[in-house]
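Residues per chain, in single letters:
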Amino acid sequence: MVRDGLNDITSRISVEAIRHQVEALRYRASRWSLGEWFGVALVLLVVILAIDLVRRLVVGDIGPSTVGTFLWRGSVDGLLIALAAVGLSMTYSILRFANFSQGDLVTTGAFTGWAAAYVVAGIGVADFGTRFFLNPDRGTSARELDMHIFGAPLAIFTGLIVAAVMTILVALAIDKLVYKRMRNAGGIPLLIASVGVALALRYIIVFFYGERTRGVTRSSPVIEHELLFWTDAVDAHQLVVVVIGVLMVFSLHIVLQYTKLGKAMRAMADNKDLALVTGIPTERVVLVTWVLGAGLTGMGGYLIVLEQETLNFNTGWFLLLLIFAAVILGGIGSIYGAIVGALIIGMAINISLVWIPSDLTEVAAFMLMILILIFRPSGIFGGVETA
Amino acid sequence: MLIVEDLDAGYGDLQVLDSIDIEVTEEEYVVIVGPNGAGKSTVMKSIFGLTTHMGGDISFQGREISGLRPEAVIKEGIGYVPQRNNVFPSMTVMENLEMGAYILDEVPQDALEAVFERFPILEERKSQKVGTMSGGQQQMVAMGRALMLDPDLLMLDEPSAGLAPDLVDEMFDRVDLINEMGTAVLIVEQNAKEALRRCDRGYVLVQGENRYEDTGEALLGNEQVRRDFLGG
């Protein structure tokens, strides 16, 4: 009897304890905001998809090399988006507006860079006009110029530098002509002005280069490399994208964390009014913001073309929403968030191919963006300031 | 040292200050009190070139400074701690202090050591992000930042705002200490009694105009000031 009684008590205590804990958990859950629920749901979804991915791998539904390819392409796309997203995030955090002309700065970098690459690669092959206007009469093809990383490495790297420099110059000119005059006008007028700038840039490019889509590079040479990547082979051009992308992101990190101007940029992003009364020369910081942001954006545009081989006046415009998605995902105005967001978007549009047809991958990416805007407007990191 | 004479200033077309006179001499401790909307903060912002200058003069150590940009005012030797949002929250303590010395080519080690001596906790936590610190500690970061250039005049806009009551005294002690080390202090305070008790001189501002000016003691003893502005 006594023992029964004890058992009864201990079991009752443990039941009580468990019930207590469940209550506590339920209480805490009841205080969760919609954003937190959404975060949990998102994590759950990712976990379930990851389990399913492993299952498919084990069952042999998909091969490891397919997954390897998706991961690789995800990093390539992610880094390309990151280069442009960083610029957008910087203008947002320091100049306080959503720059809709970011996509056309990407296009600017692509055209100016490839024009330079053609000018260099085509010396002695074609006349200057043909080279500068990227082969308007289709007389000199990428094949003729041997336009790939091993065929014309010097031209391709010259193009990369020119893409950065020209995009910086264009961005600075636009800032001087437009944005500087309305520095304190507020986010909406600046945003609308930037839409105008976007269209103007686009059609200036159309005026010079026309609307046709042109192939500007040869298809990438392939590097056999079973060991490093699971894929059987890697496009050399993708490797160039990844190497330069990682290098740029890392350099940016160094600049932001360890240089005086980088710190001033973070200070201004943090608290513009205080930056002003601390003696930080805000206009100079704005200048540096454009130089870094536009430089990376221009390189991004140039490298996108290296990867996809073709170029037209809409190249950057079509990318703009993906750039925005990345920036929103990482928390608007956070530079590191933009980089992580871009990598996630890049991965998502590739790995989602396991479950959904390729036509729908961007739909998935944008649905994710909209859901985040609704439920976690400060980004997946929940507004944890990262710079 | 600081002479504000007949100052008219405001924001855009809106005039807030109407012929304000304020003076701070070397190593003096001066308080500006007054009801909400009296223009106390506007006086400081005007000295720092953050308002629209509409008339009158502001001079510091004999040089006209009205119309100068903030970074030029800092170079003249004035430090300023705004009322709210006076730190860079996502940056570390050390980075906040470095920003305080931005106009110099290098971080002045002696000033840095002096700040750490005054606020030892800042040295302990120099790698911590300021946004994760308590209100009192953030206030120390803000003051430390303004002291990095070893200013001749330190302007504090409501330093006790948002501090827990037991921290307010500590804050005032710190201001006393800064003042005793030879830095003149101009302070705007809502905690009027305590500020007047500690200062050398005080101004009472009402609706953008000078109302009273006297030593802190005399203002505290002034029947009318007590009744109208200090809550009896």
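Cut-offs used in this document
Residues numbered from 1 in each chain as written. Chains lettered and ligands numbered in written order. Predicted model: local features only at pLDDT ≥ 70, side-chain atom pairs only at ≥ 80, totals over all residues. Heavy atoms only, no water. Patch = residues over 30% accessible without salt bridge, like charges linked within 9 Å, V, L, I, M, F, W, Y side chains within 5 Å. Areas by Shrake-Rupley, 256 points an atom, 1.4 Å probe, with all protein chains shown as cover. Salt bridge = Lys/Arg side-chain N within 4 Å of Asp/Glu carboxyl O. Helix = DSSP H or I, 4+ residues; strand = E, 2+ residues; numbered from the N terminus. Lys, Arg positive; Asp, Glu negative; His and termini not counted. Charge placed at Lys NZ, Arg CZ, Asp CG, Glu CD. Pairing = 2+ DSSP bridges. Axes fitted to C-alpha atoms, helices over the stretch in contact; angles between N-to-C directions. Left-handed = near helix turned anticlockwise from the far one by under 90°. Contact = heavy atoms within 4.5 Å. Nonpolar A, V, L, I, M, F, W, Y, C, P; charged D, E, K, R; others polar. Expected span 1.5 Å × (residues − 1). Buried < 20%, exposed > 50% of the residue type's maximum accessible area, 1.4 Å probe, protein only. Arc of directions from axis to C-beta. 1 Å grid on protein atoms, 1.4 Å probe; cavity = no way out; pocket = protein on both sides within 12 Å on 5 of 7 lines; lining within 4 Å. Points joined across faces, edges and corners; volume = space filled by probe spheres on them. Buried area = accessible area lost by both parts, 1.4 Å probe. Polar contact = N/O pair within 3.5 Å; in protein donor to acceptor, adjacent residues only side chain to side chain.

Remarks on a nonpolar patch on the surface
Taken together, the side chains of W32(A), W37(A), V40(A), L44(A) and I48(A) make up a nonpolar region of the molecular surface, amounting to roughly 470 Å² of accessible area. Residue position: W32(A) is located in the loop between α1 (2–30) and α2 (34–59).

Topic: a negative patch on the surface
Residue and element names in this part refer to chain B. A surface patch of negative charge is lined by E26, E27, D110, E113, E117, E123, E124, D150 and D152. Those elements that place two or more of their residues in the negative patch are α4 (109–118) and α5 (120–124). No other element matches the three residues that α4 contributes to the negative patch. Considering the arrangement of structural elements, one finds E124 in helix α5.

Describing the sheet that holds strand β2 (residues 14–24) of chain B
As summarised here, the arrangement of the four strands in space is β2-β1-β4-β5 (chain B), forming an open sheet in which the pairing is antiparallel. The open sheet terminates on both sides in strands that have one partner only, identified here as β2 and β5 (63–64) of chain B.

A word on the packing of helix α4 (residues 102–121) of chain A against helix α12 (residues 282–308) of chain A
All names here are of chain A. Relative orientation of the contacting elements α4 and α12 amounts to 65°, with a least axis distance of 7 Å. Handedness of the crossing formed by α4 with α12: right-handed. Across from Q102, L105, V106, G109, A110, G113, W114 and A117 in α4, the residues of α12 making contact are T297, G298, G301, Y302, I304, V305 and L306. Looking at the contact of α4 with α12 residue by residue, the classes come out as nine nonpolar, six polar and no charged.

Here's the deal with helix α15 (residues 361–375) of chain A
Residue and element names in this part refer to chain A. Its 15 residues place the ends of α15 21 Å apart at the C-alpha level, agreeing with the 21 Å of an ideal helix rising 1.5 Å per residue. Listing the buried residues of α15 in full gives T361, A365, F366, L368, M369 and I372. For α15, the angular spread of buried residues about the axis comes to 150°, placing them on one side. Buried residues along α15 sit against α2, α13 (315–330) and α14 (335–351).

Description of empty space enclosed by the protein
Scanning the entire structure with this criterion turns up one cavity of 30 Å³ or more. In this structure, the largest cavity is lined by 13 residues; those nearest its centre are I74(B), I78(B), G79(B), A146(B) and L149(B). Going through the elements one at a time, α11 (272–278) of chain A together with β6 (78–81) and α6 (135–147) of chain B are the ones with two or more residues in the lining of the largest cavity. Element by element, the count of residues in the lining of the largest cavity is highest for β6(B), at three residues. Class assignment for the residues of the lining of the largest cavity results in eight nonpolar, four polar and one charged.

Focus: the sheet that holds strand β9 (residues 201–206) of chain B
Residue and element names in this part refer to chain B. Here we have six strands laid out as an open sheet, ordered β6-β7-β8-β3-β9-β10, and mixed in their pairing. If you trace the sheet from one side to the other, it starts and ends with β6 and β10 (209–215), each paired once. The sheet shows a mean angle of 15° between the axes of neighbouring strands, taken without regard to direction. Pairing of strand β7 (residues 153–157) with strand β8 (residues 184–188), which is carried by five bridges, proceeds in the parallel orientation. Bridging across to β8, D157 finds its partner in V188. Sheet strands in contact with α6 are β6 and β7, and its direction is about 165° off that of β6.

Concerning the pairing of β9(B)
Residues and elements named next belong to chain B. Within β9, six of the six residues are buried, which leaves it mostly tucked inside the rest of the structure. Burial of β9 is two-sided: the residues R201, Y203 and L205 facing one way and the residues G202, V204 and V206 facing the other way are all buried. Sheet topology places strand β3 (residues 29–33) next to β9; four bridges connect them, and they run parallel. In the strand pairing of β9, V31 is matched with G202. Of the pairings in the sheet, the one linking β9 to β10 comprises six bridges and is antiparallel in character. Residue pairing for β10: V206 is matched across the bridge by E209. Where β9 folds back onto β10 in an antiparallel hairpin, the turn is made up of two residues, including Q207, whose phi is positive at roughly 45°.

Some details on the interface of chain B and chain A
Taken together, the contact between chain B and chain A spans 25 residues of the former and 20 residues of the latter. Carbon and sulfur atoms supply 60% of the area buried between chain B and chain A, which totals about 1900 Å² over both sides. Sorting the residues of chain B by area buried against chain A places F88(B), S90(B) and Y102(B) first, and these three jointly supply 34% of that buried surface. Applying the counting criterion to the chain B and chain A interface returns two salt bridges. Taking the shortest distance from any N to any O, the salt bridge between K263(A) and E98(B) comes out at 2.5 Å. Taken together, chain B and chain A are joined by eight residue pairs in polar contact (both at pLDDT 80 or more). Elements with a contribution of two residues or more to the side of chain B that touches chain A: α2 (70–76) and α3 (93–100) of chain B. For the side of chain B that touches chain A, the element with the most residues is α3(B), which contributes four residues. Within the side of chain B that touches chain A, the residues separate by chemical class into 14 nonpolar, four polar and seven charged.

A word on the environment of E144(A)
With respect to the secondary-structure elements, E144(A) resides in helix α6 (residues 142–145). Separated by 74 residues in sequence, E144(A) and R218(A) place their C-alpha atoms 9.5 Å apart.

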